[in-house]
Amino acid sequence: MKSTLLAMTMILAATPMAFAAGTHKGGHDGMMDIGQAAEAGTETRTIQVKLMETEEGDMVFEPRVLDFKAGETVRLAIENVGENEHEFVMDTVAAVAEHKELMNEFPEMEHDDPNAVRLAPGEKGEIVWTFANAGSFQFACLIPGHYEAGMHGALSVN
Ligand SMILES: [Cu+2]
């Protein structure tokens, strides 16, 4: 947590404009554009998301796209069935791009955000989330190199 804050402070000092228009605020508490964390048990459905590598050397999510309805609360049951560490983070396209830059600069950075989970091989995690606003969002793995290897997909809220 301390190193995260330090990393963010360093970035803020270096590129203040990159953050001025973004949604990246300390702690991510409360409502984001994509919605907010909800209490486990309040979901109306569960979606399974798998994180893995392919034999061709790509890194992928299964499914590759996610669709939700504005206002619904969903449990994302996320499992890393691959051989590498992976993460699942969902946010606005702009915030994912911002976060990706930060991860490339500080690969050791760990985030403690409600809209993200980082999983070791074989590990399972979950996010219970209320999708508040309609829009086109994105989910991705921002461990350096993984986005480029294929780990990103469109997340629509209708
Ligand atoms: Cu990954």
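Since we're looking at a predicted model, the values are computed, not measured.

A.B. asks: So what exactly am I meant to see when it comes to the overall build of the protein chain here?
C.D. replies: Scanning the protein chain for helices and strands turns up three helices and 10 strands. The linear arrangement of helices and strands in the protein chain, starting from the amino end, is α-α-β-β-β-β-β-β-α-β-β-β-β. By the burial criterion, 30% of the 158 residues in the protein chain qualify as buried. Once local pairs closer than 6 in sequence are excluded, the contacts in the protein chain between residues at least 24 apart make up 82%.

A.B. asks: Honestly, the sheet that holds strand β10 (residues 152-157) in this entry has me stumped. Any pointers?
C.D. replies: Sheet strands pair via backbone hydrogen bonds, and the direction of the pair is either parallel or antiparallel. As summarised here, the arrangement of the five strands in space is β4-β10-β9-β6-β7, forming an open sheet in which the pairing is mixed. Sheet topology places β4 (66-68) and β7 (116-119) at the edges, where each strand pairs with a single neighbour. The sheet shows a mean angle of 20° between the axes of neighbouring strands, taken without regard to direction. Docked against the sheet, helix α3 (residues 93-105) engages β6 (86-92) and β9 (135-140), running at close to 135° with respect to β6.

A.B. asks: What exactly am I supposed to notice about the environment of N158 here?
C.D. replies: One can find N158 in the segment after β10. Given 10 C-beta atoms within 10 Å, N158 falls into the exposed group. In this structure the C-alpha to C-alpha distance between N158 and A134, which are 24 residues apart in sequence, comes to 4.9 Å. Not counting residues up to four positions away in its chain, the partners in contact with N158 are D67, K69, A70 and A134.

A.B. asks: Quick question: what am I supposed to make of the nonpolar core here?
C.D. replies: Nonpolar side chains tend toward joint burial in soluble globular proteins. Within the largest apolar cluster, 30 residues are counted, with the highest numbers of intra-cluster contacts made by I78, F88, V89, F139 and C141. Those residues in contact with I78 that lie beyond four places of it in its chain are V49, L51, F88, V117, L119, K124, G125, E126 and I127.

A.B. asks: Just checking my understanding: could you explain unusual backbone geometry for this structure?
C.D. replies: Keep in mind that most residues, glycine aside, have a negative phi and that most peptide bonds are trans. The residue after E62, namely P63, is reached through a cis peptide bond having omega 0°. Mapped onto the fold, P63 is located in the loop between β3 (59-62) and β4.

A.B. asks: Whenever I open this one, the pairing of β9 confuses me. Can you help?
C.D. replies: When a strand is regular, its side chains alternate between the sheet's two faces. Bridge analysis of β6 against β9 gives four bridges, and the strand direction is antiparallel. Across the sheet, residue M90 finds its bridge partner in β9, namely F139. Sheet analysis places β9 next to β10, joined by six bridges and oriented antiparallel. The partner of A140 across the bridge, within β10, is H152.

Each value, and the rule that gives it
Residues numbered from 1 in each chain as written. Predicted model: local features only at pLDDT ≥ 70, side-chain atom pairs only at ≥ 80, totals over all residues. Helix = DSSP H or I, 4+ residues; strand = E, 2+ residues; numbered from the N terminus. Buried ≥ 20, exposed ≤ 12 C-beta atoms within 10 Å, placed from the backbone. Contact = placed C-beta atoms within 7 Å. Pairing = 2+ DSSP bridges. Axes fitted to C-alpha atoms, helices over the stretch in contact; angles between N-to-C directions. Core = buried A, V, L, I, M, F, W, Y, C linked by C-beta atoms within 7 Å.

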